[in-house]
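Remarks on the overall topology
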Amino acid sequence: MTVSATGDVNVTGNVKQPMCPSRLVLEHVTSRWGVLVLAALLERSYRFSELRREVGGVSEKMLAQTLQTLERDGFVHRDAKPVIPPRVDYALTPLGVDAAERVWALARWTERQVDAVQAAREAYDEARA
């Protein structure tokens, strides 16, 4: 067990090690659709079709897979109501709120850095032309 400078306790190992189980969790929460689904659900709960519209560009299949993965990992709660027609709502669990806040901060940072990244790309390409 290790304790980080921020006080987080790590009982599973080191994410930089090839067999660390936290790598899979990291992959799930930082995937393209994982970040966007977590960010959307940080605002409120959504029905599947609403969430698909909110997360522009995601296919039905990818959204279903992403939600299932995040539910399995304990980040998303799926609430299926026994009504006709069926109603299913998706919301973040407390663990999901924590993860969503962290990845959303990174996503917002990337939005603010697009111009700097574009300038760096142009300088890189010019130096290699």
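Described below are features of the structure shown in this document. (Residues numbered from 1 in each chain as written. Predicted model: local features only at pLDDT ≥ 70, side-chain atom pairs only at ≥ 80, totals over all residues. Heavy atoms only, no water.)

1. Let's talk about the overall build of the chain
When helices and strands are tallied, the chain shows five helices and five strands. Projecting the C-alpha coordinates of the chain onto the three principal axes gives extents of approximately 60 × 40 × 25 Å. Counting all 129 residues of the chain, 24% fall into the buried class. The contacts in the chain between residues at least 6 apart in sequence include a share of 40% that link residues at least 24 apart. A total accessible area of about 9200 Å² is found for the chain, and carbon and sulfur atoms account for 55% of it. Positive and negative side-chain charges in the chain, numbering 17 and 17 respectively, have mean positions lying 4 Å apart. (Helix = DSSP H or I, 4+ residues; strand = E, 2+ residues; numbered from the N terminus. Buried < 20%, exposed > 50% of the residue type's maximum accessible area, 1.4 Å probe, protein only. Contact = heavy atoms within 4.5 Å. Areas by Shrake-Rupley, 256 points an atom, 1.4 Å probe, with all protein chains shown as cover. Lys, Arg positive; Asp, Glu negative; His and termini not counted. Charge placed at Lys NZ, Arg CZ, Asp CG, Glu CD.)

2. Observations concerning helix α5 (residues 94-128)
If you check α5, its first and last C-alpha atoms are 48 Å apart, about what 35 residues at 1.5 Å a residue would give, namely 51 Å. At Gln113, α5 shows its maximal bend, which comes to roughly 55 degrees. Taken together, the buried positions of α5 are Gly96, Ala99, Ala100, Val103 and Ala107. (Expected span 1.5 Å × (residues − 1). Bend = angle between axes of the 7 residues up to and from the residue.)

3. Overview of the packing of aromatic side chains
Tallied over the entire structure, the rule returns zero aromatic pairs. Over the ring of Tyr46 we find Arg44; its NZ or CZ atom is 3.9 Å from the centre of that ring. We note Arg128 situated over the ring of Tyr124; from NZ or CZ to the ring centre the distance is 3.9 Å. (Phe/Tyr/Trp six-rings, centres within 6.5 Å; stacked < 30°, edge-to-face > 60°. Lys NZ or Arg CZ within 6 Å of the ring centre and 35° of its normal.)

4. A closer look at unusual backbone geometry
Put simply, Ile84 and Pro85 share a cis peptide bond, and its omega is 0 degrees. With respect to the helices and strands, Pro85 occurs in the loop between β4 (76-81) and β5 (87-92).

5. Describing the sheet that holds strand β3 (residues 46-47)
In spatial order, the strands read β3-β5-β4; together these three strands make up an open sheet with antiparallel pairing. Strands with a single pairing partner mark the edges of an open sheet, and in this sheet they are β3 and β4. Relative to β5, β4 is paired through six bridges, and the arrangement is antiparallel. Bridged to Lys81 within β5 is Arg87. (Pairing = 2+ DSSP bridges.)

6. Thoughts on the packing of helix α2 (residues 32-43) against helix α4 (residues 60-72)
Contact geometry of α2 with α4 gives a least axis separation of 10 Å together with a crossing angle of 75 degrees. Judged on the interaxial angle alone, α4 and α2 are roughly perpendicular. Contacts from Trp33, Gly34, Val37, Leu38 and Leu41 of α2 reach α4 at Met62, Leu63, Thr66, Leu67 and Leu70. (Axes fitted to C-alpha atoms, helices over the stretch in contact; angles between N-to-C directions. Parallel < 35°, antiparallel > 145°, perpendicular 65-115°, else oblique.)

7. Some words on the side chain of Thr93
Mapped onto the elements, Thr93 comes out in the loop between β5 and α5. Once you skip the residues sitting within four places of it in the chain, Thr93 turns out to touch Gly74, Phe75, Val76 and His77.

8. What about the pairing of β5?
With two bridges connecting them, β3 and β5 associate as antiparallel partners. When the bridges of β5 are listed, Arg47 appears paired with Asp89.

These results come straight from atomic positions and should not be treated as a statement about function.
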